[in-house]
Amino acid sequence: EDQVTQSPEALRLQEGESSSLNCSYTVSGLRGLFWYRQDPGKGPEFLFTLYSAGEEKEKERLKATLTKKESFLHITAPKPEDSATYLCAVQVRNQGGKLIFGQGTELSVKP
Amino acid sequence: GAGVSQSPSNKVTEKGKDVELRCDPISGHTALYWYRQSLGQGLEFLIYFQGNSAPDKSGLPSDRFSAERTGGSVSTLTIQRTQQEDSAVYLCASSLTGVMNTEAFFGQGTRLTVV
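**Regarding the interface of chain B and chain A**
- Taken together, the contact between chain B and chain A spans 21 residues of the former and 21 residues of the latter.
- Linking chain B with chain A are one salt bridge.
- Here B:Asp56 ties to A:Lys98 by a salt bridge, and the two come within 3.7 Å at their closest N and O atoms.
- Here chain B is connected to chain A by five residue pairs in polar contact (both at pLDDT 80 or more).
- Contributing elements (two or more residues each) for the side of chain B that touches chain A: strand S4 (31–37) and strand S5 (43–50) of chain B.
- Taken together, the residues that form the side of chain B that touches chain A break down as nine nonpolar, ten polar and two charged.

Written out as structure tokens, the structure is:
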């Protein structure tokens, strides 16, 4: 069964304290791995797509990496405005464009 | 439009009533998806449209749930005889195509409460 697991469920950081969020996946054939950010009461906002092991993408304080089993979202020197729930999702080959999501990591950054 | 638009934003309905949720995707996006997000749960796939066809309906939880898409644009998700367990946020997303690895853009969601 195709599955996505994110850890930790919740993470509290002080402003400037770098850390990483983990997304482990088990799929029959990976087409792509996606990271989204979701603020309370809003829909998910697209951050990154990764397609193959070894690929990395960066955006401001965020950097996403991918291996054959997991992805990491590294947050460098976070600010309070980075507080949100971060969602990881996979697309599986031969299953159209649907996304299989993990449960998310709720990040809180305190000033 | 500029983004994916969903209406209504909030809907409170009595148990047993039917509800319709609407999604206006980004203009030109051929793929459209419905997801459900229950309290404390991850996003759960419901149905995928490519144009007006639905090649994947595997996530619809029961035959009380149905969806259609017309003109390759607007989609409606209908829930008949609503139950309390249907209470959730229903999210719609669209992407340029469902075949290539294009990112999906989400609407704000419709929060459905069944009382």
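**As for the sheet that holds strand S7 (residues 62–66) of chain A**
Residue and element names in this part refer to chain A.
- Pairing within the open sheet is antiparallel, and its five strands lie in the order S1-S3-S8-S7-S6. Two strands lie at the open edges of the sheet, namely strand S1 (3–7) and strand S6 (56–59), each paired on one side alone. Going across the sheet, the axis of each strand differs from the next one's by a mean of 15°, ignoring polarity.
- Here S1 pairs with strand S3 (residues 19–26) via five bridges, running antiparallel. Across the sheet, residue valine 4 finds its bridge partner in S3, namely tyrosine 25.

Basis of the calculations
- Residues numbered from 1 in each chain as written.
- Chains lettered and ligands numbered in written order.
- Predicted model: local features only at pLDDT ≥ 70, side-chain atom pairs only at ≥ 80, totals over all residues.
- Heavy atoms only, no water.
- Contact = heavy atoms within 4.5 Å.
- Salt bridge = Lys/Arg side-chain N within 4 Å of Asp/Glu carboxyl O.
- Polar contact = N/O pair within 3.5 Å; in protein donor to acceptor, adjacent residues only side chain to side chain.
- Helix = DSSP H or I, 4+ residues; strand = E, 2+ residues; numbered from the N terminus.
- Nonpolar A, V, L, I, M, F, W, Y, C, P; charged D, E, K, R; others polar.
- Pairing = 2+ DSSP bridges.
- Axes fitted to C-alpha atoms, helices over the stretch in contact; angles between N-to-C directions.

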